[in-house]
Every structure is written in C-alpha cells, then in structure tokens.
Amino acid sequence: MILKDILGRMHTRRGWATFGALALVLLVLLPLLNSAMTPGSALHLPDHLVRLLGKFCCFAIAAVALDLIWGFAGILSLGHGVFFALGGYAMGMYLLLGIRGQGVYRSNLPDFMVFLDWKELPWFWHGFDNFFFALFAALWVPGLLAFAFGYFAFRSRIRGVYFSIITQALTYALMLLFFRNDTGLGGNNGLTDFKHIYGYPLALPSTQLALYVITAGVLLIAYLLCRYIVTAKVGRVLRAVRDEENRVMFCGYDPRAYKLFVWTFSAVLCGLAGALYVPQVGIINPSELQPSNSIEMAIWTAVGGRGTLVGAALGAFLVNGTKSWFTGALPEAWLYVLGAMFILVTLFLPQGVIGLGTRLLAQAKATRKAGAA
Amino acid sequence: MTTSVTSASSLPDAEEEPPTLRKEEPTKEEPTKEEPAAKEERKSKRPGSGSRSRRPGRAVDQERLNTLVGGRKVSLCVDGVSVSFDGFRALNDLTLVLDAGELRCLIGPNGAGKTTLMDVITGKTAPDEGSVYLVGHGRDLVGLAEHDIARLGICRKFQRPTVFLGHTVFENLELAMAGNRSVWRSLFGRITPAESAAIDAALETIALTEQRDRRAGELSHGQKQWLEIGMLLVQNPRVLLVDEPVAGMTHAETERTAELLVSLAGERTVVVVEHDMDFVRKIAKKVTVLHEGSVLAEGTLDEVQADPKVVEVYLGAPHADG
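Heads up: these notes are all about the structure in this document. Sequence order as written defines residue numbering, which begins from 1 separately in each chain. For this description, chains carry letters from A and ligands carry numbers from 1, given in the order in which they are written. Note on the predicted model: pLDDT of at least 70 is required for a residue's local features to be given, and 80 or more for side-chain atom pairs to be given and counted; whole-chain, interface and lining totals, by contrast, use all residues.

**Notes on the overall build of chain A**
For the purposes of this entry, the term helix denotes a DSSP run of H or I that reaches at least four residues, the term strand denotes a run of E that reaches at least two, and both are numbered from the N terminus. Scanning chain A from N- to C-terminus turns up 15 helices and 4 strands. A radius of gyration in this sense is built from C-alpha atoms; the matching globule rule multiplies 2.2 Å by the number of residues raised to 0.38. Taken over the C-alpha trace, chain A has a radius of gyration of 22 Å; the compact-globule value for 373 residues is 21 Å, and the two agree within 12%. Projecting the C-alpha coordinates of chain A onto the three principal axes gives extents of approximately 80 × 60 × 50 Å. As a rule, residues whose C-beta atom has 12 or fewer other C-beta atoms within 10 Å are exposed, those with 20 or more are buried, and those in between are partly exposed; C-beta atoms are placed from the backbone. Buried residues in chain A amount to 44% of all 373 residues.

Following this line, the structure appears as structure tokens:
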C-alpha cells in the first residue's frame, strides 16, 4: 500500500514502463549485443564501445547527483569533480595494492613509493587492500568532506555565485595538494597500472562488460533514489529553499539541515561514480581535479535539462558522446564545440534537450488534436 | 582545508554589508519597495547575525518580566530593545507588552522601526540590547534562530506576499503546516488524514479551495496575500505578526481580510503593521504609535490621533497616510 503510493508518486504508469524499457536496454540488450553476437557482425557491440558506455554511465551518475543539488536546491557546485576524484582515488588505492609485488620494482610497495625511496606504506593506505574497505571509503571520504565544507558554508549563509566560486577554489586547492609527491597518492602521475579487481583481470573484456553492467545498474538505482528524494516532502522543501529561503525559515524549517543533507548525499553519489570510473579507465590522477572538469559536469546537466534528473543523465551521454567523436575526428575543435553547445543551450533551450523534447511532444499532440477536430 | 573555507567564507559578508546598510535603512519602510528580496538578503547577512543565532537564549529574568506584565494576561514582551545599523538607531530602547489574544496595530511614519521590530521578534535581526520574552517559554528569544522562533509559534507575514510561487496552493499549505519539520520526517513521513483535513479547512477559510492544485504563481496578488495568511493559519501560531496585509488588495478583499484578522484575535495575539488608517480604524482596539524607534503613544485610535505628540510627528512627515 505504502509502496504503491510511493511508486505512484515517483512516476506515472507510463513513466515506469519507459524506465523498465530503458533498464532492459542498458542491462540486457546491450550486454547481449556484445557477448552473444559474433565479432564483426553488424549488430555486434565492440568491446571499446562497452568501455565507453561504462564511462558515460559514471558521468551520468555524477550529472544526476549534480542536478539533485543544482536543479532542485539551487546550489550550483562547480567542484563536484572533487568528490568524483576522491571516490576514484579510494578505488585506485585498492587496485594499486592489488598488484603488490608485480610492479616494475617487484616491491611490496607501489612503484611510485619505491621511486620516492619510501620504506613503508603511509598510514592512510592501510586497509585499502580490502575491496569493501576501499568501496566504503569511496563513499564516506567524499561524504565527510562535503559535510564539513557544507556545514561551514551553509552556516555562514553563503549562497549563489559565492558558493560556486568557493567550490571552484576547493577543487583547485585539492588539485594542487594531489599534485605533490609528499601527499602520498602518486603525485603528478596518479595511480595506474592496475591488473585486477576482486580477483578478475581488468584486461578481460568479460570483466569490463561486468563493470559496465554494474555501473548501469548503479546509475538506474541512483536515479530512483534521487527521484524518491525530489518527490518526497524533502524535495518540496528544497525547491522552496531554492525559491524563497526566508519564507522557509519563518515556516519553522532549518534550511541548513536540508541543504546539508542533499549536498552530502550528492557528494556520496559522486564518489561512487568515481569509484566505478577508475577500474574502467585504468587511471586516476590529479587532472580529474581540474576546475574545468567540474565545470564540464555543470554543462552536461545544463545541456540535458536542469531540474529533471533524466535530462542530466541524457546530457552526460550526449556531451560525452560528442566529445568522443570530436576528439577522434577534430580534436582541436572540441573546446569550441563545447562552448558553443553551452551558449546555445543557455540562450535557446533553458530547459535543455529534455525541455525541447517535451515541447515538441506537446506540440505534436496539439496539432494531432487540431487535425482530428 | 577548513581554514581555506572559513577565510573565504567571510569575504562576501565583510565586503557587502556596511555601505549598503547605511544607505538602505532610513528609507526602508517606503511603501514602494525596490527589490525587497535583495534588501532582505543583505539584512539577514549582517555580520555576526549568523554566529549570534547559535547562542542559546538567556534564561528569562522572571522579576523583570513580572514588573512588565503587572498581573495581566500577556503573551509577548519586548523589553528595552535597541538596534542600530551603523549609527542609525532603528530601534531605541523600545518596550512593548502584548496581551494574550489582543489585536494590536502598529503605526508610525516611515523609518519608525516597525519592520525592524518584527525582524527582532522573529530572529532575523539580532538587537544590540534588550530581550524578547514569549510568556510560557523559559528563555529569551534573542539569540534563537529564525526557524526555532517560528516553531515556538511566532509567525510572520511579509509586506510583499511571499509564497512559494513554483508550488501548488496545496503544497504551500503543506509546507507551512505545523508539525515535525526535520529532514528525516520529510524524507520518510507521509501526510496524515488530519493534516490533509486541516489544509482543506484552511483552503475554505481563505477561499482558495478551487485553486487547490494551481501553482501559486498563477494567483492574483490578493489571492497570494490570502494564501500567505492561510499558511500562517495552518502553522497554528500563538503570535501572528502581519506586515501591511492589505497592500494592493481590492476593496472587497480588504473587507474580508479585516474580518479574518479580527476573528483570529482572541485565540491568538495578532500584531498588524499598516499604513492604511481606514483599515486600522476598522480592526484596531489598541494602537501603538512608533516614532524614531520608540513608542510615542499607545491607546485607542481616537486617543492616539488626538495626542499632540502624534499630530506633530505626522505633520512633520505629511507623506505618510496619517
């Protein structure tokens, strides 16, 4: 009964049917096209595309997380790359400890530590040889940082563009920190040369396919969680905070608590996306912390359609799909294309691609009605 | 990490505040407001107001309270409150005692401190001196955060109708509804039949039943004012602070608002700030005149209007509707 209410609140029947169909395509059809079809046939999904799709799914999770706070609570973070990278580093530490003794120096320490002439593992590396410890760290480290950052920022009533600028500063500061060799996370080169995850060799296409399926599944679950949040009363309070924060306070709500909750949740999701990303691309380094990376996340969300969740995911696929094509065909043009996309969407499609889609659908419906009458 | 955040966080406050406040304050009750939202935001960012709001309120000085109350049934006392914005004294040792269930009108020329007084009571502005006591609550309200004061049952209607424009009328009332306002409850709780019935009753009272599922942004100005009053109703307040409730209302709407406010008093204490003297005459039993941040006169409207001090003040400011 309660479950039925909640499901009905989250989506209409048709919405759930669409969601189910999408889940089937992502979790069943695409994997089958890769594994059941013979390579070379027209329907076969090549291995490199599986990797690419897995990567895009990670970006889509980050975009949905960003949309949750930007689209619904009006908090524009230009530093979500921080949480993504922290999740990625946590997973990277696990993967790197997995090749102890198999590195270039055959040492029990990761190669870069041998190179730096370190004799033992720094304290914060302990425990990361356990997969679940690392996975858990990929959630709580970004979560804790977000909580601390948000606690001070929201308590000081920092809003709007000031908040965005500080998040940019945060990601920049962390990038500088992670570039240092003394930080103990591989410095400039980051962590790479991974061999296996949970015992499965990363080089095998079947491992990569499994990683893709897991990531797609996490994306779908992340979407449902966010959808649950925005359709619960929390979502209505958050939208109210976005539109009229003073009124919310005088209604007896503490906006800081609400912001802090959704901000931390978003960071945790982003950390999870980062943790899934690293085994699929095989490297994590401080370039993930570049301020431009975080800005790009905001562009995915804006292009797809802010405040819709689905739009954010779609935007991540669209922009990154275009990016893959352009960096192959016309690499020097990509940044111009990205900028142009952002400007065009801001000027002409305030609701993004999703907004355009719903508008066209409504128009088609109206003309059909007019034709029938 | 933390140090970089805190040092950066003080930037917007420190840079923005002092000059704008000085310019803003003397004209702050002008009936035509330019960008009240921006103004409110600046004011709420007063340096220190954030940190002050976390200090728990002082215990009530019971002896002092007894002298103020003097055996009457009192709901709210404002005791010796002073507020200054960079040298401009918005409130000057102001003391005001509100009886339980009374309807009090606050009038006064522009800049007399009417809105600042409401800001102090609701916790938006921290006073330099003085206390605010809610009878029955053991602590000074000064120092409590806005949402804590609201939860104690002191509710406020702004000058400009502030409702949630993107939400439906029903959702507006749902958000205002008294009850547990924690994140946890909002995440997993569901609206109870009793709450739903209370909202329907409020919709009836404010004559918006048919607009239940419309977005508040689509309502007329008068309807928005009413919706905001409805939001106060479902908050189940003990003290209602109403700032210029009939601004921009039609004649008929004004009539209905007057009836509603009068009917609310009795169970609750209602304080109305209003420039429209006809409206004040309609609803007020007792009127307090503020001038330059302190109480100038108190009594029935006729008494007050006959008071030579009041006449002088209003003649000195002929643009006010006095």
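**Thoughts on the interface of chain A and chain B**
Listed as interface residues are 32 residues of chain A and, on the opposing side, 32 residues of chain B. Elements with a minimum of two residues in the side of chain A that touches chain B: helix 6 (131-155), helix 7 (160-179), helix 9 (233-243), helix 10 (245-250) and helix 11 (255-281) of chain A. It is helix 9 of chain A that contributes the most residues to the side of chain A that touches chain B, 7 residues altogether. Polar here means any residue other than Ala, Val, Leu, Ile, Met, Phe, Trp, Tyr, Cys and Pro, which are nonpolar, and Asp, Glu, Lys and Arg, which are charged; Gly is therefore polar. Of the residues assigned to the side of chain A that touches chain B, the class counts are 20 nonpolar, 3 polar and 9 charged. A residue pair is marked as a contact if its C-beta atoms, positioned from the backbone, fall within 7 Å.

**Observations concerning helix 13 (residues 310-329) of chain A**
Residues and elements named next belong to chain A. Helix length check: helix 13 (20 residues) gives 29 Å between terminal C-alpha atoms against 28 Å at 1.5 Å per residue, within 8%. Taken as a whole, helix 13 has its buried residues at Val310, Gly311, Ala312, Ala313, Leu314, Gly315, Ala316 and Val319. Those residues of helix 13 hidden inside the fold are in contact with helix 3 (47-73), helix 8 (205-231), helix 12 (291-304), helix 14 (334-348) and helix 15 (352-372). What a helix is expected to span follows from its residue count: subtract one and scale by 1.5 Å.

**Observations regarding the pairing of strand 7 (residues 269-273) of chain B**
Regular strands have side chains that alternate between both faces of the sheet. All names here are of chain B. When you tally the buried positions in strand 7, you get 5 out of 5 residues, the bulk of the element. Side chains Thr269, Val271 and Val273 project from strand 7 onto one buried face, and the interleaved Val270 and Val272 project onto a second face that is buried too. Direction of pairing for strand 3 (residues 103-107) relative to strand 7: parallel, over a ladder of 4 bridges. Considered in strand 7, the bridge of Leu106 is made with Val273. Looking at chain direction, strand 6 (residues 239-243) and strand 7 are connected through 5 bridges and run parallel. Bridged to Val239 within strand 7 is Thr269. Note: two strands are recorded as paired if DSSP finds a minimum of 2 bridges between them.

**Concerning the nonpolar core**
All names here are of chain A. Ile61, Ala62, Ala63 and Val64 are the most contacted members of the largest nonpolar core, which totals 178 residues. Per element, the largest residue contribution to this core is 18 residues, and it comes from helix 3. Among all residues touching Ala63, those that are not within four sequence positions of it are Met297, Trp300, Thr301, Gly304, Ala312, Ala313, Gly315 and Ala316. By definition, a nonpolar core groups buried Ala, Val, Leu, Ile, Met, Phe, Trp, Tyr and Cys residues that are joined through C-beta atoms within 7 Å.

**Observations concerning the packing of helix 13 of chain A against helix 15 of chain A**
All names here are of chain A. For helices, the fitted axis covers only the stretch in contact; all axes are lines through C-alpha atoms, and the angles between them, taken along N-to-C directions, range from 0 to 180 degrees. Between helix 13 and helix 15, the least distance of the axes is 8 Å, while the angle of their chain directions is 115°. On the basis of their axis angle, the class for helix 13 and helix 15 is roughly perpendicular. Contacts between helix 13 and helix 15 involve Val310, Gly311, Leu314, Gly315 and Leu318 on the former and, on the latter, Gly352, Val353 and Ile354. Each residue belonging to the contact of helix 13 with helix 15 can be placed in one class, and the counts come to 5 nonpolar, 3 polar and no charged. Note that the term roughly parallel is reserved for angles under 35 degrees, roughly antiparallel for angles over 145, roughly perpendicular for angles of 65 to 115, and oblique for everything else.

**A short note on the sheet that holds strand 1 (residues 74-85) of chain B**
Residues and elements named next belong to chain B. Spatial strand order, 2-1-4: 3 strands in an open sheet with antiparallel pairing. Edge positions in the sheet fall to strand 2 (88-99) and strand 4 (129-134), since each of these pairs with one other strand and no more. Each strand of the sheet is rotated relative to its neighbour by a mean of 15°, with strand direction disregarded. The pairing of strand 1 with strand 2 spans 8 bridges and is antiparallel. Residue pairing in the sheet places Phe85 in a bridge with Phe88 of strand 2.

**Topic: the sheet that holds strand 9 (residues 294-299) of chain B**
Backbone hydrogen bonds are what pair the strands of a sheet, in a parallel or an antiparallel way. Residue and element names in this part refer to chain B. If you walk across this open sheet you meet the 6 strands as 5-6-7-3-8-9, and the pairing is mixed. Strand pairing shows two members of the sheet lacking a second neighbour, strand 5 (154-157) and strand 9, which therefore form its edges. On average, adjacent strands in this sheet sit at an angle of 20° to one another, irrespective of strand direction. Taken strand by strand, helix 5 (residues 114-121) contacts strand 3, strand 5, strand 6, strand 7 and strand 8 (286-291), and its axis lies near 145° from that of strand 6. Along the sheet, helix 11 (residues 251-264) contacts strand 3, strand 6 and strand 7; its crossing angle with strand 7, the most-contacted strand, is approximately 145°.

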